[in-house]
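Residue strings, one per chain:
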Amino acid sequence: MDFTFTEEQQAAVEAAKAVFAGVVPDGVPSPALTAGAVAADFDRQLWAKLADADLLSLLLDEEYGGAGLDAVALCLVLRESAKVLARVPLLECGAAALAVQRYGGPESKADLLARAGRGELVLTVAASGRTGHEPAERAVTARRDGDTWVLDGTQTTVPWAYGADVVVVPAHTDTDRTLLALVPRDLEGAALAEQISTTGERLGQLRLESARIAARDVIDAEGAWEWLRDLLATGTCAQALGLGEAVLRMTSEYTGKREQFGFPVATFQAVAMQAADRYIDLRAMEATLWQAAWRISTGAGGALPAYGDVAVAKIWASEGVRRVVQTAQHLHGGFGADTDYSLHRYHAWAKHLELSLGPAAAHEEALGDLLAAHPLG
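Predicted model only: the values in this text are computed from it and were never measured.

Colleague: Even after reading the chapter, I still don't get the overall build of the protein chain, so can you show me in this structure?
Modeller: When you go through the protein chain residue by residue, the secondary structure sums to 10 helices and 10 strands. Its C-alpha atoms give the protein chain a radius of gyration of 21 Å, within 12% of the compact-globule value 21 Å for 377 residues. Taking the principal axes of its C-alpha atoms as reference, the protein chain extends roughly 80 × 55 × 40 Å. Taken across its 377 residues, the protein chain has 54% of its residues classed as buried. Sequence-distant contacts in the protein chain: of pairs separated by 6 or more residues, those separated by 24 or more amount to 74%. For the protein chain, the computed accessible surface area is about 16800 Å², with 52% contributed by carbon and sulfur atoms. Here the protein chain carries 32 positive and 50 negative side-chain charges, and the mean point of each set is 3 Å from the other.

Laid out in structure tokens, this is it:
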């Protein structure tokens, strides 16, 4: 098997590295020192640079101004973005646009995709449900009324909700089908309530009360939400991997300079063993990530549905990134908690990624159910 990335995918990585080279993690106030949100909006200047570098249109077909790449390319760019804690809705907008392209109708594609690829329109996804601990598609009901759908319910912790133009909302019908509603931020009957993430970013609780949306703005395709949910979870794994790699590099540099008893602490066996364990975590996170991204990109079959690989990747990402930042804090000593040093920011983002779209325990339970339904051998 050939595990190398294509020339196009590698070019996307190089372009991403060039754009993110000028980004510093401490470009906004520390979440540890800020009572509310660290900023009212995401990094619009960085968003424009990503658009200029054609990184927002990577996954779109040529007719929408894109390069026609796949989920693997998106994950490669997300990995680079997380190394600098880039404050942009790259995952949510990219995944939502790809879902519209794959499952949406011609009018939705014409309205949204080209503008999203140019950075003129921002999409996000409501994927946490009413409480964050239940299926997102159960949090909102959709009822057909002539040429419109009527939406009622609440979705919590919607990322970048205040900066997005359209929120993709999963909803269930009375026949237990799952739809994807493309909800404009200013839709009558839709309201946002501010929530703050552990990262200090501004999230939104989306409340829908008899919100009417045209049928043309609803995706009613079998498997659309499941596919989008899997892509979002896999993208979160890519972010966790990039963040973990950056933190391990910070730890290596620090322990290589910090001396005790006349020697760098990196030369102490206990320190080296802990760092080696975290390196193994990162390599396991990487292997499971690319397996999941490959299944989503190719639609290849397997002993289990694609979600099985996504669940394994998310389990490793959630557990692995937590262990990496905890070890980094330990090996940095008191310096790791200094708010003038960026490690505490990475720790806050790692906790957010660990819990986003379900912690490891939730995916372990779902994976167990999947194995019970599809016995191997």
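Colleague: Help me out: how do you make sense of the pairing of strand 6 (residues 190-196) in this one?
Modeller: In regular strands, side chains alternate between the two faces of the sheet. With seven bridges connecting them, strand 6 and strand 7 (residues 202-214) associate as antiparallel partners. Its bridge partner being in strand 7, E194 is matched across the sheet by G204. Where strand 6 hands over to strand 7, the hairpin turn is made up of five residues, of which G200 adopts a positive phi near 90°.

Colleague: Even after reading the chapter, I still don't get helix 3 (residues 71-83), so can you show me in this structure?
Modeller: In an α-helix, one turn spans 3.6 residues, which is why side chains three or four residues apart end up on the same side. With 13 residues, helix 3 should cover 18 Å at 1.5 Å per step; its first-to-last C-alpha distance of 19 Å lies within 8% of that length. The backbone nitrogen of V72 lies 3.2 Å from a side-chain oxygen of the residue at the head of helix 3, namely D70. Once helix 3 ends, the next one or two residues include L85, with phi positive near 55°.

Colleague: What should I look at first to understand the side chain of Q155 in this one?
Modeller: One can find Q155 in strand 3 (residues 148-159). Taking relative accessible area as the criterion, Q155 reaches 0% and is therefore assigned buried. In terms of polar contacts, Q155 uses its side chain to reach the backbone amide nitrogen of G129, at 2.8 Å. When sequence neighbours within four positions are dropped, the list of residues in contact with Q155 reads A126, A127, S128, G129, A136, A139, V140, V169, P170, G204, Q205 and L206.

Colleague: What's the story with the pairing of strand 7 in this structure? I'm lost.
Modeller: When strand 3 meets strand 7, the two strands line up antiparallel, connected through nine bridges. Bridge assignment links V150 to a residue of strand 7, and that residue is R212.

Colleague: Would you explain empty space enclosed by the protein in this entry?
Modeller: Any empty space left between atoms is shown by rolling a water-sized probe over those atoms. All told, the structure shown has three cavities of 30 Å³ or more when counted by the stated rule. If you go around the largest cavity, the residues you meet are W47, L55, L56, L58, L59, L60, L74, L90, C93, G94, A97 and A116. Among the elements that take part in the lining of the largest cavity, helix 4 (residues 90-103) stands out by supplying four residues, more than any other. Grouping the constituent residues of the lining of the largest cavity by class yields 11 nonpolar, one polar and no charged.

Colleague: Before we go on, may I ask you to explain the packing of helix 3 against helix 6 (residues 224-257) in this structure?
Modeller: Two numbers describe how helix 3 lies on helix 6: the axes approach to 7 Å, and their chain directions differ by 40°. Between helix 3 and helix 6, the crossing angle belongs to the class labelled oblique. As helix 3 packs across helix 6, the resulting crossing turns out to be right-handed. Here A71, L74, C75, L78, R79, A82 and K83 of helix 3 come into contact with helix 6, specifically with L231, T234, G235, A238, Q239, L241, G242, L243, E245 and A246.

Conventions we followed
Residues numbered from 1 in each chain as written. Predicted model: local features only at pLDDT ≥ 70, side-chain atom pairs only at ≥ 80, totals over all residues. Heavy atoms only, no water. Helix = DSSP H or I, 4+ residues; strand = E, 2+ residues; numbered from the N terminus. Rg over C-alpha atoms; globule rule 2.2 N^0.38 Å. Buried < 20%, exposed > 50% of the residue type's maximum accessible area, 1.4 Å probe, protein only. Contact = heavy atoms within 4.5 Å. Areas by Shrake-Rupley, 256 points an atom, 1.4 Å probe, with all protein chains shown as cover. Lys, Arg positive; Asp, Glu negative; His and termini not counted. Charge placed at Lys NZ, Arg CZ, Asp CG, Glu CD. Pairing = 2+ DSSP bridges. Expected span 1.5 Å × (residues − 1). Polar contact = N/O pair within 3.5 Å; in protein donor to acceptor, adjacent residues only side chain to side chain. 1 Å grid on protein atoms, 1.4 Å probe; cavity = no way out; pocket = protein on both sides within 12 Å on 5 of 7 lines; lining within 4 Å. Points joined across faces, edges and corners; volume = space filled by probe spheres on them. Nonpolar A, V, L, I, M, F, W, Y, C, P; charged D, E, K, R; others polar. Axes fitted to C-alpha atoms, helices over the stretch in contact; angles between N-to-C directions. Parallel < 35°, antiparallel > 145°, perpendicular 65-115°, else oblique. Left-handed = near helix turned anticlockwise from the far one by under 90°.

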